[in-house]
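So you can see what is in the structure, the chains are spelled out below.
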Amino acid sequence: IIPAVYTMSIGEIKQFHLKGTWSNGCEREITFDPAAVWNSDDEDTVSMRSKGGEAIAHKPGSVPHINAKYKSGTSTATVDVE
């Protein structure tokens, strides 16, 4: 997930991105791929749209795991809200 660490303000909307790297070394942006599913460990602090990587900050706190799952892989970002 890009960025892997981010600080948000309450009410801010942030677009996260997901990049896949295949065994042949090819890289591809997969943020909006229908197979990419996003979620937050704390939806009360930062909620994620399940598709598209958009985060919305609701209240101060720390969310150690913003997750993006794509097929058998998972990537994680950390978000703080001030």
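We now turn to the structure provided with this report. Just so you know, these numbers come straight off a predicted model, no measurement behind them.

### Some details on the pattern of salt bridges
Thinking step 1. Applying the stated criterion to the full structure yields three salt bridges.
Thinking step 2. Here Glu-27 and Lys-19 are joined by a salt bridge, their closest N and O atoms 3.5 Å apart.
Thinking step 3. The class for Glu-27 is exposed, based on a relative accessible area of 51%.
Thinking step 4. The salt bridge partner of Asp-33 is Arg-28, with a shortest N-O separation of 3.6 Å.
Thinking step 5. A relative accessible area of 39% means that Arg-28 is categorised as partly exposed.

Procedures and definitions
Residues numbered from 1 in each chain as written. Predicted model: local features only at pLDDT ≥ 70, side-chain atom pairs only at ≥ 80, totals over all residues. Heavy atoms only, no water. Salt bridge = Lys/Arg side-chain N within 4 Å of Asp/Glu carboxyl O. Buried < 20%, exposed > 50% of the residue type's maximum accessible area, 1.4 Å probe, protein only.

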